[in-house]
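What follows is the residue order along each chain.
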Amino acid sequence: MRRAENPPFIAKITAVMCHYYGFELIYMRPKDIDMANHTVKGRMYINNKWVKVTKDLPDLMDISAYCFKKETRDLMEYLRKNTRLTFDKKNALNKAKLQRELAKDEEFSHLVIPTARAKTFEDVESFLDKYPAMVMKPVFGQQGKGIYIVKREGEEYVLGYQKEEQRLTREELEKHFQTNISGKNYILQKYITSRSKAGDPFDCRIHVQKNRNGKWQVAKKYIRIGIGQKVMSNVNQGGGISDTKPFLKANFDDKWKEIEGNLNELGETLPYKIEQLKKTPTMSIGFDVAIDKSGDLYLFESNGAPNTTPLVAHAALLNVEYYTYIRDKELDAVVSEPERQHSDSDLEMERLKVNNEQLEKRMRTMEQSTSWRVTAPLRMLGKLLKNNK
């Protein structure tokens, strides 16, 4: 379930993989649910095109966090009672609450960034008395919108937003606060200097998902670089991404291995803490991590609807693995032995942690195989990936 009118590319890949693992995947939007009749009107990917269908309410709902809106409150309560959700926004951890909870845990307290509420302009001045620079950000912000960096230089203040900086007097900064910050649920955070040797801000996205054993695993780590930006590494505002190893080698010299190991450890342990705090279903998480010039890690936020574009093929494969786990372990579905053998053999091959290019290479290799049942999913995926470029 997503809010978009048309199924995204990852839905197409996931639908193809579901077919080979004995699932039917239906793409639907919140308005497609008929609560009175316990049915859904959606689309299924059949013979290389999306076909409109009407089906009973599915046993498992892969649902996006963006579907949880004020106008869908009754629908979400209905779904909680009548199907299994991969995500539930109940007990969501906003930026401020996440920092408070992690500060209480010795294992994760080193990730905490000093944070305070931005209730009055006096809060801003008090925060700047403690720290040389700070970030003002909305508690429920998305995609880097509305984030400012502020630092004091003598009698003036420097305000940065996206790629622009401006120098303000105290009166001008207070006016900006009253117009853009006050009453809009903002927090203040110590600014962590996370910049490349070229001077561009960056952070690390650690994308984690549940696998076929119902356990968390790191699907992909990558660096987001905000080329030419003043505040943060938001690729939506112009920038790029890099794999962690070459970036860390280029920017942290001999420390890169230690930092890489710490990133892996965070991705393998922190998801379980988030689940413990939320106490509601979660299938995937995106952690945004700052790395300061000393190589120390700080957690900006935890995203329950992480972008899958940089790892679309592998994210789809992990989705299906987790669906398989839910079906076999938690929904008590009856699966015939041929289907189970088929699924197991496919999953053993698909489990390879590959990006799009590696998946296509794997597809070309498998074309030489005589086993249609094993190679068919990969050939279909390769065709989809090629057509999407």
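Residues numbered from 1 in each chain as written. Predicted model: local features only at pLDDT ≥ 70, side-chain atom pairs only at ≥ 80, totals over all residues. Heavy atoms only, no water.

Participant: It is not clear to me how the overall build of the chain should be interpreted in this structure. Could you clarify?
Facilitator: A count of helical and extended segments in the chain gives 11 helices and 16 strands. Put simply, the chain has 389 residues, and 52% of those count as buried. Restricting the contact set of the chain to residue pairs at least 6 apart, pairs at least 24 apart contribute 61%. (Helix = DSSP H or I, 4+ residues; strand = E, 2+ residues; numbered from the N terminus. Buried < 20%, exposed > 50% of the residue type's maximum accessible area, 1.4 Å probe, protein only. Contact = heavy atoms within 4.5 Å.)

Participant: Just to check I follow, could you spell out the sheet that holds strand 7 (residues 133–138) for this structure?
Facilitator: Hydrogen bonds between backbone atoms are what pair the strands of a sheet, whose relative direction is either parallel or antiparallel. If you walk across this open sheet you meet the six strands as 6-11-7-8-9-10, and the pairing is antiparallel. Each having just a single partner strand, strand 6 (115–117) and strand 10 (164–168) make up the two edges of the open sheet. Strand-to-strand, the axes of this sheet are offset by a mean angle of 25°, without reference to chain direction. With five bridges connecting them, strand 9 (residues 156–161) and strand 10 associate as antiparallel partners. Directly across from Val158, in strand 10, lies its bridge partner Arg167. In the packing of helix 5 (residues 170–180) onto the sheet, the strands contacted are strand 7, strand 8 (148–153), strand 9, strand 10 and strand 11 (186–190), and the crossing angle to strand 10 comes to about 125°. (Pairing = 2+ DSSP bridges. Axes fitted to C-alpha atoms, helices over the stretch in contact; angles between N-to-C directions.)

Participant: Is there a simple way to think about unusual backbone geometry in this case?
Facilitator: Most of the time, phi is negative for any residue but glycine, and the peptide bond is trans. One non-glycine residue with positive phi stands out, namely His38, at about 55°. Mapped onto the secondary structure, His38 falls in the loop between strand 1 (33–34) and strand 2 (39–46). The residue Asn91 is not glycine, and still its phi comes out positive at about 60°. Structurally, Asn91 can be placed in the loop between strand 5 (84–85) and helix 3 (95–103). Taking relative accessible area as the criterion, Asn91 reaches 41% and is therefore assigned partly exposed.

Participant: It is not clear to me how the packing of aromatic side chains should be interpreted in this structure. Could you clarify?
Facilitator: For any two aromatic rings, the description comes down to two numbers: the centre-to-centre distance and the angle of the planes. This structure, assessed with the given rule, holds 10 aromatic pairs. Measuring from centroid to centroid gives 5.9 Å for Phe68 and Phe87, while their planes differ by 75°, and the two rings are edge-to-face. One end of the pair, Phe68, is in the loop between strand 4 (60–61) and helix 2 (73–82); the other, Phe87, is in the loop between strand 5 and helix 3, and 19 residues separate them in sequence. On the basis of relative accessible area, Phe87 is assigned to the buried category, the value being 7%. One aromatic cluster is present, formed by Tyr27, Tyr45 and Trp50 through successive ring pairs. Across the ring face of Phe87, the terminal group of Lys278 is positioned such that the distance to the ring centre comes to 5.0 Å. (Phe/Tyr/Trp six-rings, centres within 6.5 Å; stacked < 30°, edge-to-face > 60°. Lys NZ or Arg CZ within 6 Å of the ring centre and 35° of its normal.)

Participant: Got a minute to help me understand the packing of helix 4 (residues 121–130) against helix 5 in this structure?
Facilitator: A pair of packed helices can be characterised by two numbers: the angle between their axes and the separation between those axes. The contact between helix 4 and helix 5 brings their axes to 10 Å, and the two run at 125°. Here helix 5 runs oblique to helix 4, going by the angle between their axes. Viewed along their axes, helix 4 and helix 5 form a crossing whose handedness is right-handed. Contacts from Phe121, Val124 and Glu125 of helix 4 reach helix 5 at Arg170, Leu173, Glu174, Phe177 and Gln178. Residue composition of the contact of helix 4 with helix 5, grouped by class: four nonpolar, one polar and three charged. (Parallel < 35°, antiparallel > 145°, perpendicular 65-115°, else oblique. Left-handed = near helix turned anticlockwise from the far one by under 90°. Nonpolar A, V, L, I, M, F, W, Y, C, P; charged D, E, K, R; others polar.)

Participant: Which parts of the structure should I look at to understand the side chain of Thr324?
Facilitator: With respect to the secondary-structure elements, Thr324 resides in helix 8 (residues 312–330). A polar contact of 2.8 Å, which involves the side chain of Thr324, links it to the backbone oxygen of Val320. (Polar contact = N/O pair within 3.5 Å; in protein donor to acceptor, adjacent residues only side chain to side chain.)

Participant: Could you clarify how one ought to interpret the pattern of salt bridges in this entry?
Facilitator: Two side chains with opposite charge may pair up if their charged atoms get near one another. All chains considered together, the criterion is met by 26 salt bridges. With a closest N to O distance of 2.7 Å, Arg80 and Asp88 form a salt bridge. Residue classification places Asp88 among the buried residues on the basis of a relative accessible area of 6%. One network of salt bridges, with partners in common, ties together Glu5, Arg29, Lys31 and Asp32. (Salt bridge = Lys/Arg side-chain N within 4 Å of Asp/Glu carboxyl O.)

Participant: How should I be thinking about the pairing of strand 15 (residues 284–291) in this particular structure?
Facilitator: A regular strand places its side chains on the two faces of the sheet in alternate fashion. For strand 15, the tally of buried residues reaches eight of eight residues, placing the bulk of the element in the interior. As paired elements, strand 12 (residues 202–210) and strand 15 share six bridges and run antiparallel to each other. What sits directly across from Cys204, in strand 15, is Val289. Bridging between strand 15 and strand 16 (residues 297–303) involves six bridges; their strand directions are antiparallel. Paired with Gly286 across the two strands is Asn303, which belongs to strand 16. Here strand 15 folds back onto strand 16, and the loop between the two strands holds five residues, one of which, Gly295, carries a positive phi near 90°.

Participant: Explain the sheet that holds strand 1 here, please?
Facilitator: Read across the open sheet, the three strands follow the order 1-2-3; overall the sheet is antiparallel. With one partner strand each, in any of the chains shown, strand 1 and strand 3 (49–56) form the two edges of the open sheet. Bridge analysis of strand 1 against strand 2 gives two bridges, and the strand direction is antiparallel. Paired with Asp34 across the two strands is Thr39, which belongs to strand 2.

Participant: Can you walk me through the nonpolar core in this structure?
Facilitator: For soluble globular proteins, nonpolar side chains are generally found buried alongside one another. Counting 30 residues, the largest nonpolar core has Ile206, Leu263, Leu270, Phe287, Val289 and Ile291 as the members making the most contacts within it. Taken together, the elements giving at least two residues each to this core come down to helix 3, strand 12, strand 13 (216–225), helix 6 (244–252), helix 7 (256–278), strand 15 and strand 16. The element contributing the most residues to this core is helix 7, with seven residues. Ignoring anything within four residues of it in the chain, the contact list for Leu270 reads Leu102, Phe108, Leu111, Phe287 and Leu299. The next biggest cluster of nonpolar side chains, apart from the first, holds 25 residues, and it includes Phe23, Tyr45, Val312 and Leu317. (Core = buried A, V, L, I, M, F, W, Y, C linked by side-chain atoms within 4.5 Å.)

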